[in-house]
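Understanding the architecture of this molecule
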Amino acid sequence: MISDQLEGGGFVFSPEETEANEYSTQDALRALAGAGFTAAPPKPTGGAPRFLAETAFHVGTPSPLTLVIDNGTSALKVCSVSFTPTAATTTLVAVLEAAQASSTPSACVTGFAPATGKGSLTQLNGNPSPPEAKWDISIDGAKEKEAKLSSKIEVGDTISLQLH
């Protein structure tokens with residue numbers, strides 16, 4: 001889905017379109033931000049479950065994560081970050097480091113502060129200037145809270161960062 005994102009941040013309905021479609025962009029962002037489904041999945045009838053889900057990262061196996069960045073002034077950035085975990089869970093700082101090293105599209109994260117530690121995220125891609133703890137995080141569409149570098153990230157999470 002991220003490969004269909006236009007330079008300005010929006011999404012098109014069909015490949016022939018050159019301008020963002022409001023409804024397509026809304027639907028794409030809902031899916032990428034993990035807003036959930038409107039219908040419950042079907043329940044299996046006997047035997048093994050029909051749907052299996054990963055419950056933890058597999059150490060050393062690259063796992064894609066979705067990172068959405070809204071700095072409030074420029075186009076929304078929706079990126080895929082290939083993250084190679086060292087444990088069953090990770091932290092926001094590790095995801096930001098991975099995004100800085102490589103993301104699709106590239107340059108999703110050009111820098112962040114502080115670069116280490118567990119405290120609040122004070123700057124992302126140069127915003128705000130001067131650095132200030134004004135970034136919020138929402139994981140899988142949950143209620144926003146202050147973005148801490150130590151925020152726990154699990155397999156399959158969609159991470160939304162918003163400057164307020």
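Refer to the preceding data block for the structure.
Residues numbered from 1 in each chain as written. Predicted model: local features only at pLDDT ≥ 70, side-chain atom pairs only at ≥ 80, totals over all residues. Heavy atoms only, no water.

What follows concerns the overall build of the protein. Counting secondary structure elements, the protein contains 2 helices and 9 strands. Taken from N to C terminus, the helices and strands of the protein fall in the order α-β-β-β-α-β-β-β-β-β-β. Its C-alpha atoms give the protein a radius of gyration of 17 Å, near enough to 15 Å, the size a compact globule of 164 residues would have. A principal-axis box enclosing the C-alpha atoms of the protein has dimensions of 60 × 40 × 30 Å. Per-residue burial for the protein yields a buried fraction of 36% across its 164 residues. Looking at the protein alone, contacts between residues at least 24 apart form 50% of all its contacts between residues at least 6 apart. (Helix = DSSP H or I, 4+ residues; strand = E, 2+ residues; numbered from the N terminus. Rg over C-alpha atoms; globule rule 2.2 N^0.38 Å. Buried < 20%, exposed > 50% of the residue type's maximum accessible area, 1.4 Å probe, protein only. Contact = heavy atoms within 4.5 Å.)

Next up on the list: the pairing of strand β2 (residues 77-83). Strand direction decides the pairing type here: strand β1 (residues 63-70) and β2, joined by 7 bridges, are antiparallel. Looking at the pairing, Pro64 lines up with Ser82 of β2. Where β1 hands over to β2, the hairpin turn is made up of 6 residues, of which Gly72 adopts a positive phi near 80°. (Pairing = 2+ DSSP bridges.)

For the structure on display, the rule yields 1 salt bridge. When the shortest N-O distance is used, the salt bridge between Lys134 and Glu132 registers 4.0 Å. For Lys134, a relative accessible area of 30% translates into the label partly exposed. (Salt bridge = Lys/Arg side-chain N within 4 Å of Asp/Glu carboxyl O.)

Before going further, it helps to examine unusual backbone geometry. At the junction of Asn127 and Pro128, the peptide bond is cis and its omega measures out at -10° in the coordinates. The amide bond that connects Ser129 to the next residue, Pro130, takes the cis arrangement and shows omega of 0°. Examined against the element boundaries, Pro130 turns out to sit in the loop between β5 (123-124) and β6 (135-139). Positive phi, close to 55°, is recorded for Asn125, a residue that is not glycine. Within the secondary structure, Asn125 sits in the loop between β5 and β6. In this model, Asp140 sits at a positive phi of 55°, which is unusual for a non-glycine residue. Structurally, Asp140 is set in the loop between β6 and β7 (145-146).

Right, let's talk about the sheet that holds strand β9 (residues 158-163) for a bit. Taken together, 5 strands build an open sheet; the order of strands is β2-β1-β9-β6-β7 and the sheet is mixed. Only two strands of the sheet have a single partner each, and these edge strands are β2 and β7. Here helix α2 (residues 92-101) sits on the sheet in contact with β1, β2, β6 and β9, set at roughly 100° to β2. (Axes fitted to C-alpha atoms, helices over the stretch in contact; angles between N-to-C directions.)

Right, let's get into helix α1 (residues 22-32). Those residues of α1 not exposed but buried are Ser24, Thr25, Ala28 and Leu32. Buried residues in α1, looked at end-on, bunch into an arc of 100°, giving them a common side. For α1, the exposed residues lying more than 90 degrees away from the buried face are Glu22, Tyr23 and Asp27. Where α1 is buried, its residues contact β1, β2 and β9. Two or three places before Tyr23, at the start of α1, stands the capping residue Asn21, its side-chain oxygen 2.9 Å from that residue's backbone nitrogen. (Arc of directions from axis to C-beta. Polar contact = N/O pair within 3.5 Å; in protein donor to acceptor, adjacent residues only side chain to side chain.)

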